Amino acid sequence: MVFCKLTFVTCIFCLVMFKALGQALLGVGLQNPKFVPVETSATDYEIRIYVESKWVSTSLRGMAMDEAMNTGFRRLFNYIQGNNQNKTKVEMTAPVTCRVEPGAGPACESNFTVSFYVPEQFQAEPPAPTEPSVFIETRKEFTAYVRTFGGFANEEMKKKELVNLLESLRRDAVPFVEQPYYTAGYDSPFKLTNRRNEVWILKQE
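These figures come from a predicted structure and were not determined experimentally. (Residues numbered from 1 in each chain as written. Predicted model: local features only at pLDDT ≥ 70, side-chain atom pairs only at ≥ 80, totals over all residues. Heavy atoms only, no water.)

We now examine the overall build of the protein. Counting its regular elements, the protein contains 3 helices and 9 strands. Going residue by residue from the N terminus, the α and β elements of the protein occur as α-β-β-β-α-β-β-β-β-α-β-β. When burial is assessed residue by residue, the protein has 40% of its 205 residues classed as buried. Long-range pairs, those at least 24 residues apart, make up 72% of the contacts in the protein between residues at least 6 apart in sequence. (Helix = DSSP H or I, 4+ residues; strand = E, 2+ residues; numbered from the N terminus. Buried < 20%, exposed > 50% of the residue type's maximum accessible area, 1.4 Å probe, protein only. Contact = heavy atoms within 4.5 Å.)

Now the structure itself:
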């Protein structure tokens, strides 16, 4: 009986470990923000209505999106690891988004806001950040046109997919706001195949 009990406990431990590893390394089983899909005849993008939700965010200025993403991710990862007023560990979610407000010219800095979706259990009252550059934001309901693509997405690839999405929206003569736009990544760097990346353009209300 003792052997059976130990075996059962060991199995449970293994399942928990596999789940944790899967979430950390492969990005599986992570909570996503809720949205309602909108029917469309377009085959090269989706339309989603995202419900109001809270995100933990940090803003940076710079010339390079990839550099801003790396710095922003580190700040937010520290927050979910317990660098907050309650010292509460917060589960990782997906996607990691980056709100991009492009500079006025090619030699001008852009504004980048990197964000993690706050898990459901903390939506009502997220732990308050202790790092001055990290803040909680509430995103009101919004409608996004979404283009999905695979691979390891760098800044050049994201801009290319953004241009493709803009061309599709102009083709279909739908109302949209060209700036700011969002990029979204769903996978950890350790996931090698079936990667998911997105660019979002907001609908003009």
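Moving on to the confidence of the model for the protein. On average, residues of the protein score 89 in pLDDT, and 86% of them reach the 70 mark or higher. Across residues 1-26, where pLDDT falls below 50, the model places 14 contacts with residues more than four positions away in sequence or in other chains. (pLDDT = per-residue confidence, 0-100.)

Right, let's get into the side chain of glutamine 123. Residue position: glutamine 123 is located in the loop between strand 5 (110-117) and strand 6 (134-139). The exposure class assigned to glutamine 123 is buried, which follows from its relative accessible area of 13%. A polar contact is formed between the side chain of glutamine 123 and the backbone nitrogen of lysine 54, at a distance of 2.9 Å. Ignoring anything within four residues of it in the chain, the contact list for glutamine 123 reads Ser53, Lys54, Tyr117 and Val118. (Polar contact = N/O pair within 3.5 Å; in protein donor to acceptor, adjacent residues only side chain to side chain.)

Between its first and last C-alpha atoms helix 3 (residues 155-172) spans 26 Å; for 18 residues at 1.5 Å apiece the expected length is 26 Å, and the two agree. Of all the residues in helix 3, the buried ones are Glu155, Lys158, Glu161, Leu162, Leu165, Leu166, Ser168 and Leu169. One face of helix 3 carries all of its buried residues, which in axial projection span an arc of 160 degrees. Set apart from the buried face of helix 3 by more than 90 degrees, the exposed residues are Glu156, Lys160 and Arg171. Two or three places before glutamate 156, at the opening of helix 3, asparagine 154 has a side-chain oxygen 3.3 Å from that residue's backbone nitrogen. Among the residues trailing helix 3, alanine 173 stands out with phi positive, at a value near 55 degrees. (Expected span 1.5 Å × (residues − 1). Arc of directions from axis to C-beta.)

All right, on to the side chain of arginine 48 then. Topologically, arginine 48 is positioned in strand 2 (residues 46-50). Owing to a relative accessible area of 2%, arginine 48 belongs among the buried residues under this scheme. Among the polar contacts listed, one links the side chain of arginine 48 to the side chain of glutamate 198, at a separation of 2.8 Å. Among residues more than four places away in sequence, those in contact with arginine 48 are Phe35, Val36, Phe142, Thr143, Ala144, Val146, Thr148, Tyr186, Arg196, Glu198 and Trp200.

A few words now on the packing of aromatic side chains. Geometrically, a pair of aromatic rings is defined through the distance of the ring centres and the angle of the planes. This model, assessed by the stated rule, comprises 10 aromatic pairs. A centroid spacing of 5.1 Å and a plane angle of 15 degrees characterise the contact between tyrosine 50 and phenylalanine 142, whose relative ring orientation is stacked. Here the residue tyrosine 50 occupies a position in strand 2, and phenylalanine 142 occupies one in strand 7 (residues 142-149), the gap between them amounting to 92 residues. According to the relative accessible area criterion, tyrosine 50 is buried, its value standing at 2%. Phenylalanine 142 sits in the buried class, given a relative accessible area of 13%. (Phe/Tyr/Trp six-rings, centres within 6.5 Å; stacked < 30°, edge-to-face > 60°.)

Its location among the elements puts glutamate 137 in strand 6. In this structure glutamate 137 comes out as partly exposed when scored by relative accessible area, which is 21%. Measuring from C-alpha to C-alpha, the distance between glutamate 137 and lysine 54 comes to 5.6 Å, with 83 residues separating the pair along the chain. When neighbours within four sequence positions are excluded, glutamate 137 is seen to be in contact with Ser53, Lys54, Trp55, Ser57, Thr113 and Ser115. Polar contacts involving the side chain of glutamate 137 include one to the side chain of serine 115, which spans 3.3 Å.

The next subject is the pattern of salt bridges. One pass over the full model with this rule turns up 14 salt bridges. Here glutamate 198 makes a salt bridge to arginine 48, at a shortest N to O gap of 2.8 Å. With glutamate 198 in strand 9 (residues 197-203) and arginine 48 in strand 2, the pair connects residues that are 150 residues apart, well separated along the chain. For glutamate 198, a relative accessible area of 0% translates into the label buried. Counted as one network, the salt bridges with shared partners bring together Glu46, Arg48, Arg196 and Glu198. (Salt bridge = Lys/Arg side-chain N within 4 Å of Asp/Glu carboxyl O.)

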